[in-house]
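# Coordinate inspection notes
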Amino acid sequence: QDANQVRAQGAYLRMVSVVEAYIDALSSHSFDLRVDRHDQLVRLLVAAAEAGADGTWELRKSAFESYHGVSLGSCKGWHAVDASHAVRNAIAHGLGSLTRRQRDQKTRSKVRNAGVVLVDDALWITDLSLVRCRDSSATFVRDVDEKVRVQLRLKARP
């Protein structure tokens, strides 16, 4: 592949990974703020909940809704972030091309909506797609962060 594309794909993948890591850290921190860690049973239950909360984006969405009272799918920027997951997976698992599982119209549409050009099954990351990923990621993270803060304040009230 073209060296510039390898760099662009690396930057794209990194941005999506930062969002994933932030969401996972925010979830863990939210558990810590709300749980009495001195109780062995509670520690074990929280550990089990955390272990099942970050394997996939569907698990993250479910955990945030169930444990933190925040619907990730209703946060600003979600649709763009969701589309960026398809791009990330193609970069990580298809080495810059759609994987066998991704070669359907729904995924192709998501990739195009992320501003990524498809040439047959190969992704072409443009400056515009990097900017869109950056901006939608920042919008999403800010909105999730604010909604979690609101929920924590509500749950802290007697």
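Residues numbered from 1 in each chain as written. Predicted model: local features only at pLDDT ≥ 70, side-chain atom pairs only at ≥ 80, totals over all residues. Heavy atoms only, no water.

On to unusual backbone geometry. Phi at Leu95 takes a positive value of approximately 50°, unusual for a residue other than glycine. With respect to the helices and strands, Leu95 occurs in the loop between helix 4 (78-94) and helix 5 (105-113). If you check the backbone angles, Asp120 has positive phi at about 60° while not being a glycine. Mapped onto the elements, Asp120 comes out in the loop between strand 1 (117-119) and strand 2 (122-124). (Helix = DSSP H or I, 4+ residues; strand = E, 2+ residues; numbered from the N terminus.)

Another point: the side chain of Gln5. Inspection of the secondary structure puts Gln5 in helix 1 (residues 3-34). By relative accessible area, Gln5 is classed as buried at 4%. Engagement of the side chain of Gln5 in a polar contact is seen with the backbone oxygen of Ile125, the distance being 2.8 Å. Sequence-distant contacts of Gln5, that is, excluding residues within four places in its chain, are made with Leu123, Trp124 and Ile125. (Buried < 20%, exposed > 50% of the residue type's maximum accessible area, 1.4 Å probe, protein only. Polar contact = N/O pair within 3.5 Å; in protein donor to acceptor, adjacent residues only side chain to side chain. Contact = heavy atoms within 4.5 Å.)

A few words on the environment of Arg14. The residue Arg14 is located in helix 1 in this model. The exposure class of Arg14 is exposed, given its relative accessible area of 60%. Taking C-alpha positions, Arg14 is 16 Å from Leu123, a pair spaced 109 residues apart along the chain.

We now examine helix 5. Inspection of helix 5 places Thr107, Arg108 and Val111 among the buried residues, and these make up the whole buried set. Across the axial projection of helix 5, the buried residues extend over an arc of 100°, all falling on one side. Exposed positions of helix 5 whose direction lies more than 90 degrees from the buried face are Gln105, Lys106 and Asn113. The inward-facing, buried residues of helix 5 contact helix 4, strand 1 and strand 2. You can read the cap of helix 5 off the contacts: a side-chain oxygen lies 3.1 Å from the backbone nitrogen of Lys106, and it is on Asp104. (Arc of directions from axis to C-beta.)

Where helix 1 meets helix 3 (residues 57-68), the closest approach of the two axes is 11 Å, and the angle between their N-to-C directions is 25°. Here helix 1 lies roughly parallel to helix 3, going by the angle between them. Where helix 1 crosses over helix 3, the two elements pack in a sense that is left-handed. Along the contact surface, helix 1 presents Val19, Glu20, Ile23, Asp24, Leu26, Ser27, Ser30, Phe31 and Arg34, while helix 3 presents Trp57, Arg60, Phe64, Tyr67 and His68. Residue composition of the contact of helix 1 with helix 3, grouped by class: seven nonpolar, three polar and four charged. (Axes fitted to C-alpha atoms, helices over the stretch in contact; angles between N-to-C directions. Parallel < 35°, antiparallel > 145°, perpendicular 65-115°, else oblique. Left-handed = near helix turned anticlockwise from the far one by under 90°. Nonpolar A, V, L, I, M, F, W, Y, C, P; charged D, E, K, R; others polar.)

The subject of this paragraph is the packing of helix 3 against helix 6 (residues 127-156). Between helix 3 and helix 6, the least distance of the axes is 11 Å, while the angle of their chain directions is 30°. The orientation of helix 3 with respect to helix 6, classified from their angle, is roughly parallel. Along its contact with helix 3, which presents Trp57, Phe64, Tyr67 and His68, the element helix 6 presents Phe140, Val144, Val148, Gln151 and Lys155.

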